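Structural characterization, general
The primary structure of each chain is shown beneath.
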Amino acid sequence: MSLLFFSIQNAFRKKAVAVLAVLGVAFGTALMTILFSLSAGMDHRVEGTFRELSNRVTISGRDAIFGGLYLGMGTKPIPSSSIEAIRDIPHVEKVYSQVSVVLRPQNNDYSMPLFGYGQEEIRDLANNPYNKIIEGSAPGNDQEMIIGKSLQEYMNLLNSPFAIGKVYPFLILEEGQAKKLELKVVGLYQTGNEVLDGAFSGSDKLARQIGRIPEGSVSAINVSVDGVDHVEAAAEAIKQELAGKKPELQVVVPGEVLNPVRNILEVLGKFLIAVSLVAVVAGGLSIMVVMLLSVINRMREFGILKALGWTPADIIFMVLVESLTLSLFGAALGIALGWAGVAVTRVFIAADIAVLSGQVMLSVLLAGILIGAAGGIYPAWCANSAAPVKILREV
């Protein structure tokens, strides 16, 4: 035990060298902490959206963008007459229409979705944006709307914020001419579904006015199924029900559309892990270089210790403990720096864009132990090679 305490104290004997080693590990583990937290945050967002859409089927026009995932945007309106027939299909729980249009602010070049909801959807859907308001209130008339939390964060990053309680001008086409329409943002919502949270939401009357969508037509028809296991069967039954009808429609399972997104995120996650490993290797090399320089300067010391009765195991143990001590101090500092970086990211980008979990911190701490062990092995072997006879002859 006394050897352990002696080795820990000895790690900081040369303060400048110790500081360099600690900082080298700290920067590597800080980068690792931030990248792992970002990866966990992105996974959390996508999984939330996937869970929300896992028991859904969407019917939209054949040319709807993203396979109808954006609820019929980018296509001509479809008739709502199929809704009643779809209600009678086995395993179908709810069927509701969606009116989706594009909003074009007057003061910038960004376009964003607006989802319009009727009274039935507002009343019956638990995860409707109207029922997930976290700030402000629900629209009270057709000139008011609410903004999704993700869209608000994106627009803040683009320096085009939308504040709750303010009125903003938008452009709509009316008889071939651009007309200004002033709309008030009265609330902020968060459903956990990135498709919904990345848009505005308002009344279906407002959406119809902007998109010039007549009554009896909708952008998409959404179907909620009574279980994930029944989604494929329900989708196939809906396809058979709509077969041969005009205009030609597409029946999409949104969960399947999201699978490529999940695959892309998996690749991105592996890339972030690779970058983190590079940082870990750099930290290990910094420990190795510092410890190796320290060992070279202390060869006489090791020779004298061997002459006094220290065993090779004692020498190796001392150098490894010194290396591990510096590495663990660096990892602790790196976690603190990484936490600060994650906090800054949350403030300036999004509160849930990065998730600093106990698993992330444990992974970084284990990486610190690995860095210390790997960086100390070669210097420890060099220290053990010190020959007492040769050293004493040189004294």
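Please refer to the structure higher up on the page.
Figured I'd write up the structure that's included with this text. The structure displayed is predicted, hence computed values, not measured ones.

Calculation rules
Residues numbered from 1 in each chain as written. Predicted model: local features only at pLDDT ≥ 70, side-chain atom pairs only at ≥ 80, totals over all residues. Heavy atoms only, no water. Helix = DSSP H or I, 4+ residues; strand = E, 2+ residues; numbered from the N terminus. Buried < 20%, exposed > 50% of the residue type's maximum accessible area, 1.4 Å probe, protein only. Contact = heavy atoms within 4.5 Å. Patch = residues over 30% accessible without salt bridge, like charges linked within 9 Å, V, L, I, M, F, W, Y side chains within 5 Å. Areas by Shrake-Rupley, 256 points an atom, 1.4 Å probe, with all protein chains shown as cover. Salt bridge = Lys/Arg side-chain N within 4 Å of Asp/Glu carboxyl O. Polar contact = N/O pair within 3.5 Å; in protein donor to acceptor, adjacent residues only side chain to side chain. Pairing = 2+ DSSP bridges.

Regarding its fold elements, the protein chain presents 13 helices and 12 strands. Counting every position in the protein chain, which comprises 395 residues, the buried fraction comes to 47%. Looking at the protein chain alone, contacts between residues at least 24 apart form 78% of all its contacts between residues at least 6 apart.

For helix H5 (residues 149-157), the complete set of buried residues consists of Lys149, Ser150, Leu151, Gln152, Glu153 and Met155. Asn159 occupies a position one or two residues after H5 and carries a positive phi of about 60°.

What follows covers a nonpolar patch on the surface. There is a patch of nonpolar side chains on the surface, built from Val19, Leu23, Phe27, Leu333 and Leu337 and spanning about 430 Å² of accessible area. At the level of secondary structure, the elements contributing two or more residues to the nonpolar patch comprise helix H2 (15-53) and helix H11 (312-348). Counting residues per element, the nonpolar patch draws most heavily on H2, at three residues. Classification of Val19 as partly exposed rests on a relative accessible area of 45%.

By the secondary structure assignment, Asp197 is in helix H6 (residues 194-197). Of the polar contacts made by the side chain of Asp197, one reaches the backbone nitrogen of Gly192; its length is 2.9 Å. Beyond its immediate stretch of four places on either side in the chain, Asp197 contacts Gly148, Lys149, Ser150, Leu151, Tyr189, Gln190, Thr191 and Gly192.

So, on to the pairing of strand S8 (residues 177-189). Relative to S8, strand S5 (residues 133-136) runs antiparallel, the two sharing three bridges. Of the residues in S8, the one forming a bridge with Glu135 is Leu188. Alignment of strand S6 (residues 144-148) against S8, held across five bridges, turns out to be parallel. Each residue of the ladder has a partner; that of Ile146, found in S8, is Gly187.

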